[in-house]
Amino acid sequence: MAVSLNVDLGELPGEPEELYSIATMVNVACGGHAGDEATMERACELARRAGARLAAHPSYPDRAGFGRTSVVMTSAELASSVRSQVEALARVALRVGISIEAVKPHGALYHDAARDPAIATAVVEGIEAGLGFPVALVGPPEGALARLATIERRAYLREGFADRAYGPDGKLVPRTQAGALITDPAAARAQALRLAGAGTFETLCVHGDTPGALTIARAVREGLESAGLLETRGRA
């Protein structure tokens, strides 16, 4: 089964432009953990030029922790935060001439939305309020967000990670543990081929902030293309 290749971008200064042409979908930070109007505009413009699909990448409002720490919020507060983030990106995207086609929560929010139905619901409510039109959701193969998407008949892209280690239980190794990141391009390529071949995922991710992200992304894309497992560009 062919998969898309998504890359989290708009997060760090000096991100290589080539990452935008390697990705088939670009997840753009929109102010929660990183990003501002200038970085969003650059990301949207580069995605448009490259022909990559655009996804919003909202998080908990946690710039100090890069969105990788859970934040205690009411459902209304969380929905409002997600709404403001996707709205900010939508305004920039409209100006640049590209449309948001998917939303992928970032970091701790990604994992919390898979764990807690109330958080998943707040995230979706924020997306709906901020965009006003349906988009695909991106998240883990199982969990609360995936179940909500099924119940509400929403497009859902099950995601695997080329640059993150998985434990024997099939779950991601926590970033706090040694070996959680895969920084060897050949190992990332091999993992991407394994995950794509499993038929469990619609999209695979390379993080833009992983050390050596450009070399890793090149290897992953080349591997998927060579195996005929990379989807052609098109709408989510």
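Keep in mind that this is a model prediction, so the values were computed, not measured.

Caption draft 1: Structural view of the nonpolar core. Within the largest apolar cluster, 66 residues are counted, with the highest numbers of intra-cluster contacts made by Val220 and Leu224. Ignoring any residue separated from it by four or fewer positions in sequence, one finds Leu224 in contact with Val3, Ala192, Leu193, Ala196, Leu204, Leu229 and Leu230. Counting six residues, the second-largest nonpolar core is a separate cluster that includes Met25, Ala55, Ala136 and Leu157.

Caption draft 2: The arrangement of the pairing of strand β5 (residues 136–139) in detail. Residues Ala136 and Val138 of β5 are buried on one face, and the alternating residues Leu137 and Gly139, pointing to the opposite face, are buried as well. In the sheet, β5 pairs with strand β6 (residues 156–161) via three bridges, with the strands oriented parallel. Within β6, the residue paired with Val138 across the bridge is Leu157. As a crossover connection, the stretch from β5 through helix α6 (residues 144–151) into β6 is right-handed.

Caption draft 3: Broad picture of the sheet that holds β6. The parallel closed barrel is built from seven strands, whose spatial order is β1-β2-β3-β4-β5-β6-β7. Between one strand and the next, the sheet's axes are offset by a mean angle of 35 degrees, whatever the strand orientation. Helix α3 (residues 75–96) contacts β2 (25–29), β3 (53–57) and β4 (100–103) of the sheet and is inclined by roughly 150 degrees relative to β3.

Caption draft 4: Spotlight on the packing of aromatic side chains. Counted by the stated rule, this structure contains one aromatic pair. Where Tyr110 meets Phe161, the ring centres are 5.9 Å apart and the plane angle is 75 degrees; that geometry is what we call edge-to-face. Here Tyr110, found in helix α4 (residues 107–115), pairs with Phe161, found in strand β6; they are 51 residues apart in sequence, far enough to count as distant.

Caption draft 5: Layout of unusual backbone geometry. The phi dihedral of Phe66 falls on the positive side, at around 55 degrees, and the residue is not glycine. Examined against the element boundaries, Phe66 turns out to sit in the loop between β3 and α3. Even without being glycine, Arg153 reaches a positive phi, approximately 55 degrees. Residue placement: Arg153 occurs in the loop between α6 and β6. With relative accessibility at 80%, the residue Arg153 sits in the exposed group.

Caption draft 6: Inspection of the state of the cysteines at higher detail. If you walk through the whole model with that rule in mind, you get zero disulfides. Of all cysteine sulfurs, the one in Cys30 lies closest to Cys44, which takes part in no disulfide; the gap is 9.5 Å. Of the residues examined, Cys44 reaches a relative accessible area of 0% and is grouped as buried. Counting only cysteine sulfurs, Cys30 is the nearest neighbor of Cys205, a cysteine outside any disulfide, at a range of 15 Å.

Caption draft 7: Region of interest: the environment of His33. Tracing the sequence through the fold places His33 in the loop between β2 and α2 (37–50). Sequence separation between His33 and Arg154 is 121 residues, and the spatial gap between their C-alpha atoms is 26 Å. Setting aside anything within four residues of it in sequence, one finds His33 in contact with Glu11, His57, Ser59, Tyr60, Asp62, Arg63, Phe66, Gly67 and His106. A polar atom in the side chain of His33 sits 2.8 Å from the side chain of Glu11.

Caption draft 8: Just the side chain of His207, in detail. Residue placement: His207 occurs in strand β7 (residues 203–207). Residues in contact with His207, not counting those within four places in the same chain, are Asp8, Arg68, Phe161, Asp163, Arg164, Arg175 and Ala213.

Caption draft 9: The arrangement of helix α5 (residues 117–131) in detail. An ideal rise of 1.5 Å per residue puts 21 Å on 15 residues; α5 measures up with 21 Å between its terminal C-alpha atoms. Within the span of α5, buried status applies to Ile119, Ala120, Ala122, Val123, Val124, Gly126, Ile127, Gly130 and Leu131. Packing partners of the buried residues in α5 comprise α3, β4, α4, β5 and α6. Two or three places before Ala118, at the start of α5, stands the capping residue Asp116, its side-chain oxygen 2.8 Å from that residue's backbone nitrogen. Among the residues trailing α5, Gly132 stands out with phi positive, at a value near 75 degrees.

Caption draft 10: Local environment of the side chain of Asp163. By the secondary structure assignment, Asp163 is in the loop between β6 and α7 (185–198). Buried and unpaired, Asp163 has no salt bridge, with Arg164 as the nearest side chain of opposite charge at 6.2 Å. Only 2.7 Å separates the side chain of Asp163 from the backbone nitrogen of His207, close enough to count as a polar contact. The contacts of Asp163, once residues within four sequence positions are left out, are Ala180, Leu181, Ile182, Cys205, Val206, His207 and Thr210.

Cut-offs applied
Residues numbered from 1 in each chain as written. Predicted model: local features only at pLDDT ≥ 70, side-chain atom pairs only at ≥ 80, totals over all residues. Heavy atoms only, no water. Core = buried A, V, L, I, M, F, W, Y, C linked by side-chain atoms within 4.5 Å. Buried < 20%, exposed > 50% of the residue type's maximum accessible area, 1.4 Å probe, protein only. Contact = heavy atoms within 4.5 Å. Helix = DSSP H or I, 4+ residues; strand = E, 2+ residues; numbered from the N terminus. Pairing = 2+ DSSP bridges. Right-handed = clockwise from strand over helix to strand, strands pointing away. Axes fitted to C-alpha atoms, helices over the stretch in contact; angles between N-to-C directions. Phe/Tyr/Trp six-rings, centres within 6.5 Å; stacked < 30°, edge-to-face > 60°. Disulfide = S-S within 2.5 Å. Polar contact = N/O pair within 3.5 Å; in protein donor to acceptor, adjacent residues only side chain to side chain. Expected span 1.5 Å × (residues − 1). Lys, Arg positive; Asp, Glu negative; His and termini not counted. Salt bridge = Lys/Arg side-chain N within 4 Å of Asp/Glu carboxyl O.

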